[in-house]
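Okay, here's what each chain looks like letter by letter:
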Amino acid sequence: MDRSALRAVGWARSLPLECTVKTARDWARHHLDTLGWATSAPDTVDAVLLTVSELVTNAHRHAHSDAQLVMTWDSRCLHIAVHDASAELPAPRDPSTDRAGGRGMFLVDALADSWEAHPCPHGKTVTACFSPQPTDA
């Protein structure tokens with residue numbers, strides 16, 4: 001077997017500002033269901049959906065931008081990437097009782113196996129990676 005070839009499946013969706021975060025979650029859940037994760041890795045599904053919510057919310061609220069959501073499964077890791085029009089890179093902030101928000105990237109950091117943000121033309125892309133964790137039957 002040639003291990004230099006990568007086999008992957010992916011999906012992409014544009015989420016305009018007027019699109020709800022629920023729309024993004026429902027779209028992501030549908031594609032996770034096609035991978036069979038709802039029964040084999042429900043905890044990972046929950047983590048992915050919360051991450052999708054946070055990243056799309058950040059694009060809409062903080063970047064005041066449409067969000068381009070891409071999910072890619074390469075048989076080892078599910079990559080959740082959200083591109084927005086802001087060049088400002090996110091950073092986790094410690095939770096505070098002094099402000100209502102500011103916990104999104106803290107949650108992503110806790111939920112994802114890894115995440116990274118990269119500036120790119122016309123904004124940035126934030127990518128979080130997840131390996132399915134099967135639940136004990």
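It should be noted that the structure appears before, not after, this text.
Residues numbered from 1 in each chain as written. Predicted model: local features only at pLDDT ≥ 70, side-chain atom pairs only at ≥ 80, totals over all residues. Heavy atoms only, no water.

Asker: Could you give me a rundown of unusual backbone geometry, with the residues and numbers involved?
Answerer: Within the chain, His-64 stands out as a residue other than glycine whose phi angle is a positive 50 degrees. Along the polypeptide, His-64 turns up in the loop between helix H3 (42-61) and strand S2 (67-73). His-64 gets classed as exposed once you look at its relative accessible area, which sits at 61%. Within the chain, Ser-75 stands out as a residue other than glycine whose phi angle is a positive 75 degrees. Look at Ser-75 and you get exposed, because its relative accessible area is 54%. (Helix = DSSP H or I, 4+ residues; strand = E, 2+ residues; numbered from the N terminus. Buried < 20%, exposed > 50% of the residue type's maximum accessible area, 1.4 Å probe, protein only.)

Asker: Which residues make up the state of the cysteines, and what values go with them?
Answerer: With the rule as written, the count across this model stands at zero disulfides. The cysteine Cys-77 is free of any disulfide, with Cys-129 supplying the nearest cysteine sulfur at 3.6 Å. Looking at Cys-129, the relative accessible area reads 12%, which means it is buried. (Disulfide = S-S within 2.5 Å.)

Asker: I'd love a proper account of the environment of Arg-103, names of residues and values included.
Answerer: Within the element layout of this structure, Arg-103 appears in the loop between strand S3 (78-84) and helix H4 (104-111). By relative accessible area, which is 30% here, Arg-103 ends up partly exposed. Separated by 49 residues in sequence, Arg-103 and Glu-54 place their C-alpha atoms 8.9 Å apart.

Asker: Run through a nonpolar patch on the surface, naming residues and quoting values.
Answerer: Judged by side-chain polarity, Leu-50, Leu-107 and Leu-111 come together as a nonpolar surface patch covering roughly 190 Å² of accessible area. On the secondary structure map, Leu-111 appears in helix H4. (Patch = residues over 30% accessible without salt bridge, like charges linked within 9 Å, V, L, I, M, F, W, Y side chains within 5 Å. Areas by Shrake-Rupley, 256 points an atom, 1.4 Å probe, with all protein chains shown as cover. Salt bridge = Lys/Arg side-chain N within 4 Å of Asp/Glu carboxyl O.)

Asker: Describe the nonpolar core, with residues and values.
Answerer: If you look at the biggest cluster of nonpolar residues, it comprises 31 residues, and the most contacted ones within it are Leu-32, Val-52, Val-56, Leu-69, Met-71, Leu-78 and Ile-80. For this core, the elements supplying multiple residues, two or more each, are strand S1 (9-15), helix H1 (21-34), H3, S2, S3, H4 and strand S5 (123-130). Looking at this core element by element, the count peaks at eight residues for H3. If we skip the residues at most four places from it in the chain, Leu-32 touches Trp-37, Val-45, Val-48, Leu-49, Met-71 and Leu-78. (Core = buried A, V, L, I, M, F, W, Y, C linked by side-chain atoms within 4.5 Å. Contact = heavy atoms within 4.5 Å.)

Asker: Got a sec to walk through the sheet that holds S1? Specific residues and values, please.
Answerer: Ordered in space as S1-S2-S3-S5-S4, the five strands form an open sheet in which the pairing is antiparallel. The open sheet is flanked by S1 and strand S4 (114-120), the only strands paired with a single partner. Sheet twist, expressed as the average angle between the axes of neighbouring strands with direction ignored, equals 15 degrees. Of the strands in this sheet, S1, S2 and S3 touch H1, which is tilted by about 170 degrees from S1. (Pairing = 2+ DSSP bridges. Axes fitted to C-alpha atoms, helices over the stretch in contact; angles between N-to-C directions.)

Asker: Talk me through the side chain of Ser-53; I want residue IDs and the actual numbers.
Answerer: Relative to the elements of secondary structure, Ser-53 occurs in helix H3. Among the residues examined, Ser-53 registers a relative accessible area of 8% and is labelled buried. Among all residues touching Ser-53, those that are not within four sequence positions of it are Val-21 and Arg-25.

Function cannot be read off these values alone, since they describe shape.
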